Amino acid sequence: KNQVEQSPQSLIILEGKNCTLQCNYTVSPFSNLRWYKQDTGRGPVSLTIMTFSENTKSNGRYTATLDADTKQSSLHITASQLSDSASYICVVSGSGAGSYQLTFGKGTKLSVIP
Amino acid sequence: GAGVSQSPSNKVTEKGKDVELRCDPISGHTALYWYRQSLGQGLEFLIYFQGNSAPDKSGLPSDRFSAERTGGSVSTLTIQRTQQEDSAVYLCASSLGRGALNLNQPQHFGDGTRLSIL
């Protein structure tokens, strides 16, 4: 069964600090891995999409890494801001028929405090 | 607007009533998805529309759920005889899709409809 596990479940950090969120997946065959940011009461917003051949991708202060061999990804946030407080969702897409059926993690709830 | 629009943003109804949720995708997006997000859970796939192809309804949890997409644009998700376990946020997303899909395209989500069944 395709699964995406994220850790930690929640995290509190001080403004200005860095943090790293983890994602492990068992989706096979693999097509791409996405990180989304979801603010409270809003829909998820795409941060990065990485295919099998990519092992890092940045979007401003967000840097995602992918190790397709170990089926692990991380999202690193640099110099956190209060506006980074949100849930971060790891999403994996398989390939082949039905591959549009993405597998979503439950998210990591990040709180950035002053 | 330029984004995915969903209405209503909130819906409170009594158990047993029917509800209809609406999604306006981004213009030109041929792929449209409905998801359900329950508290503390990951997004659950419900249904997928791609152009004029038959929709993939494999994620619909029961025959009380149905969805349609008229003219390849606006979609409605209908829940009949609502139950308390239907309470959740229903999210709609759209993306570019060409032929068999462009799988590396991002999905653009609406802000969802928060459904509460009393």
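For every chain, the first residue of the written sequence is number 1, and numbering continues from 1 along that sequence. As they are written, the chains are lettered A onward and the ligands numbered 1 onward, keeping that order. Predicted model: local features are reported for residues with pLDDT of at least 70 only, side-chain atom pairs are reported and counted for 80 or more only, and whole-chain, interface and lining totals are derived from all residues. Side-chain calculation: all heavy atoms of the structure are included, whereas hydrogens and water are not.

Novice: Mind showing me how you'd approach the state of the cysteines here?
Specialist: By definition, a disulfide links the sulfur atoms of two cysteine residues through a covalent bond. Disulfides are defined as pairs of cysteine sulfur atoms found within 2.5 Å of each other. Evaluation of the coordinates by the stated rule reveals 2 disulfides over all chains. Covalently, Cys 23 of chain A is tied to Cys 90 of chain A through a disulfide, its sulfur atoms 2.0 Å apart. One quick way to see it: the torsion about the S-S bond of Cys 23 of chain A and Cys 90 of chain A is about -70 degrees, and its sign makes the bridge left-handed. Of the two residues, Cys 23 of chain A sits in strand β3 (residues 19–25) while Cys 90 of chain A sits in strand β9 (residues 86–94), which places them 67 residues apart along the sequence. Shown here is the disulfide that connects Cys 23 of chain B with Cys 92 of chain B, its sulfur atoms set 1.9 Å apart. Torsion about the S-S bond of the Cys 23 of chain B and Cys 92 of chain B cystine: about -65 degrees, corresponding to left-handed handedness. Of this pair, Cys 23 of chain B sits in strand β3 (residues 19–24) while Cys 92 of chain B is found in strand β8 (residues 88–95), placing the two residues 69 residues apart along the sequence. Accessibility classification places Cys 23 of chain B together with Cys 92 of chain B in one group, the buried group. Think of it this way: any DSSP run of H or I at least four residues long counts as a helix, any run of E at least two long counts as a strand, and we number them from the N terminus. Here's how the labels work: a residue is buried when its accessible area is under 20% of the maximum for its type, exposed when over 50%, partly exposed in between, all with a 1.4 Å probe on protein chains only.

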